[in-house]
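# A look at the structure
Below, each chain spelled out in residue letters.
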Amino acid sequence: MRRCIRATPEILSSGHKPSCLARFDMGLISDSPHPAHLWTLDAVAGLRVAQVCVIFSLPRQFGTYTRALAYIEWFTPFRTPDPASGM
C-alpha cells in the first residue's frame with residue numbers, strides 16, 4: 001500500500017480542457033515525537049486530524065530539505081468518548 005497526501009488547487013476549464021476541483025487530503029498525524037500510542041489499546045491516542053492546505057519547498061537560500069514541507073490546518077484533538085453514545 002502506498003501512502004501519499006495531495007493538495008491540488010482548483011483548475012478552471014480552458015479551451016477543451018475541463019475544470020478540476022481542488023483537493024486537500026486529510027490525515028491522522030502523530031503529535032508526539034515518541035509515538036507511545038502504538039503500544040496502547042486506544043487507537044487514536046496521540047493522533048490528531050489535519051488537512052493539508054499546501055505542499056511546498058523553500059528556495060535553496062533557506063537550506064536544503066530532503067522532503068517536501070506542508071502547511072496544514074489542525075482540527076480539534078480527540079476527546080474521551082461520550083459515555084451515553086460511545087462516540
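Here we summarise the structure given alongside this text. (Residues numbered from 1 in each chain as written. Predicted model: local features only at pLDDT ≥ 70, side-chain atom pairs only at ≥ 80, totals over all residues. Heavy atoms only, no water.)

Scanning the chain for helices and strands turns up zero helices and five strands. Counted from the first residue to the last, the chain has its helices and strands arranged as β-β-β-β-β. Residue burial in the chain is summarised as follows: out of 87 residues, 7% are buried. Once local pairs closer than 6 in sequence are excluded, the contacts in the chain between residues at least 24 apart make up 33%. (Helix = DSSP H or I, 4+ residues; strand = E, 2+ residues; numbered from the N terminus. Buried < 20%, exposed > 50% of the residue type's maximum accessible area, 1.4 Å probe, protein only. Contact = heavy atoms within 4.5 Å.)

Another aspect to go through is the pairing of strand E4 (residues 47–56). Two faces make up the sheet, and in a regular strand the side chains alternate between them. Pairing geometry for strand E3 (residues 26–30) and E4, over five bridges, is antiparallel. The partner of Ser30 across the bridge, within E4, is Leu47. In this structure, E4 lies alongside strand E5 (residues 69–74), joined through six bridges in antiparallel fashion. Following the sheet pairing, Gln51 is matched in E5 by Glu73. (Pairing = 2+ DSSP bridges.)

Residue placement: Asp25 occurs in the loop between strand E2 (23–24) and E3. The exposure class assigned to Asp25 is buried, which follows from its relative accessible area of 13%. A distance of 2.8 Å separates the side chain of Asp25 from the side chain of Arg23, its partner in a polar contact. Contact partners of Asp25, with chain neighbours within four places excluded, come to Cys4, Ile5, Arg6, Ala50, Gln51 and Val52. (Polar contact = N/O pair within 3.5 Å; in protein donor to acceptor, adjacent residues only side chain to side chain.)

This part covers the environment of Val54. Along the chain, Val54 turns up in strand E4. For Val54, a relative accessible area of 40% puts it in the partly exposed group. In this structure the C-alpha to C-alpha distance between Val54 and Pro9, which are 45 residues apart in sequence, comes to 8.8 Å. Setting aside anything within four residues of it in sequence, one finds Val54 in contact with Ala7, Leu69, Ala70 and Tyr71.

Taking strand neighbours across the sheet as the criterion, the three strands line up as E3-E4-E5 in an open arrangement whose pairing is antiparallel. Every other strand in the sheet has two partners, leaving E3 and E5 as the edge strands with one partner each. Strand-to-strand twist across the sheet, computed as the mean angle between neighbouring axes with direction ignored, equals 55°. (Axes fitted to C-alpha atoms, helices over the stretch in contact; angles between N-to-C directions.)

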